Amino acid sequence: MKISVMVLCEKIGLGGSCHWCTEAIFQSLKGVIHVSQGWIAFDDNPTRFSEAIVVEFDPAQISLKTLIEIHLHTHSCTSDHSMQSKYRSAVYAFTDEQRSFASQAIEKLQADFYQSIITEVTPFGEFELNDEKYLDYYSKNPDKPFCKTFIDPKLKILLRQFSNHLRPMN
């Protein structure tokens, strides 16, 4: 007799750096079921998008608070840089409850940073998936210069600060 187990899945949108980077980070975590990489609309304007990911996760294995904490520590969440429209620091909430929770979590996590966190919490808008050839970018191209220069250092932060949340290495 086969017994199937239903996993309760939640979603959250995250943006802040190159979506290849955020995709690799969140694909590395236990409890993350799937990561979709692409662009999320912002500023209540469906024609303006910034690079982002949608994370589907099992809250019994990894909490929303932990996902937000990892997100803040693995991108420039305090830098109001010139590429803010392309690499917008944001949490895109699917519900009002998530939006409230994320805002409170960021407020509490401010103590981890010297500068003010600029990450915005906003309702999830429209999402556009990236081209197939760019999905799973890091796993397909770990030796490319971009991966070595930008993604590897972020994965080292995960290993140093969040190793208890990492998937076992194959």
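In case you missed it, the structure is sitting above this.
Owing to the predicted nature of the structure, the values given are computational and were not obtained by experimental measurement. (Residues numbered from 1 in each chain as written. Predicted model: local features only at pLDDT ≥ 70, side-chain atom pairs only at ≥ 80, totals over all residues. Heavy atoms only, no water.)

S.K.: What exactly am I supposed to notice about the packing of helix α1 (residues 19-27) against helix α5 (residues 145-161) here?
M.R.: Interaxial distance between α1 and α5 falls to 10 Å at its minimum, and their mutual angle equals 35°. As for how α1 packs across α5, the hand of that crossing is right-handed. Here W20, C21, A24 and I25 of α1 come into contact with α5, specifically with F146, F150, I151, K154, L155 and L158. Split by residue class, the contact of α1 with α5 holds nine nonpolar, no polar and one charged. (Axes fitted to C-alpha atoms, helices over the stretch in contact; angles between N-to-C directions. Helix = DSSP H or I, 4+ residues; strand = E, 2+ residues; numbered from the N terminus. Left-handed = near helix turned anticlockwise from the far one by under 90°. Contact = heavy atoms within 4.5 Å. Nonpolar A, V, L, I, M, F, W, Y, C, P; charged D, E, K, R; others polar.)

S.K.: Can you walk me through the state of the cysteines in this structure?
M.R.: In protein structure, a disulfide is the covalent linkage between the sulfur atoms of two cysteines. Under the counting rule described, the total for this entry stands at zero disulfides. A disulfide-free cysteine, C18 has its sulfur positioned 4.6 Å from the sulfur of C21, the nearest such atom. With no disulfide partner, C147 has as its closest neighbouring cysteine sulfur the one in C21, 8.0 Å distant. Judged by its relative accessible area of 0%, C147 is buried. (Disulfide = S-S within 2.5 Å. Buried < 20%, exposed > 50% of the residue type's maximum accessible area, 1.4 Å probe, protein only.)

S.K.: How do you make sense of the nonpolar core when you look at a structure like this?
M.R.: Nonpolar side chains tend toward joint burial in soluble globular proteins. With 36 residues, the main nonpolar core has F26, L29, V55 and L67 as its most contacted residues. Going through the elements one at a time, β1 (10-15), α1, β2 (32-42), β3 (45-57), α2 (64-73), α3 (96-109) and α5 are the ones with two or more residues in this core. In contact with F26, not counting residues within four places along its chain, are L14, V32, V35, I53, V55, L67, I70 and H71. Membership of the second largest hydrophobic core comes to six residues, among which are I40, F42, A90 and Y92. (Core = buried A, V, L, I, M, F, W, Y, C linked by side-chain atoms within 4.5 Å.)

S.K.: Looking at this model, I keep getting lost on the environment of F124. Mind explaining?
M.R.: Checked against the element boundaries, F124 lands in the loop between β5 (120-123) and β6 (127-129). Residue F124 is classed as partly exposed on the basis of its relative accessible area of 24%. As a C-alpha pair, F124 and I40 span 84 residues in sequence and 7.5 Å in three-dimensional space. If we skip the residues at most four places from it in the chain, F124 touches I40, V54, Y92, A93 and F94.

The analysis is restricted to geometry; functional conclusions fall outside its scope.
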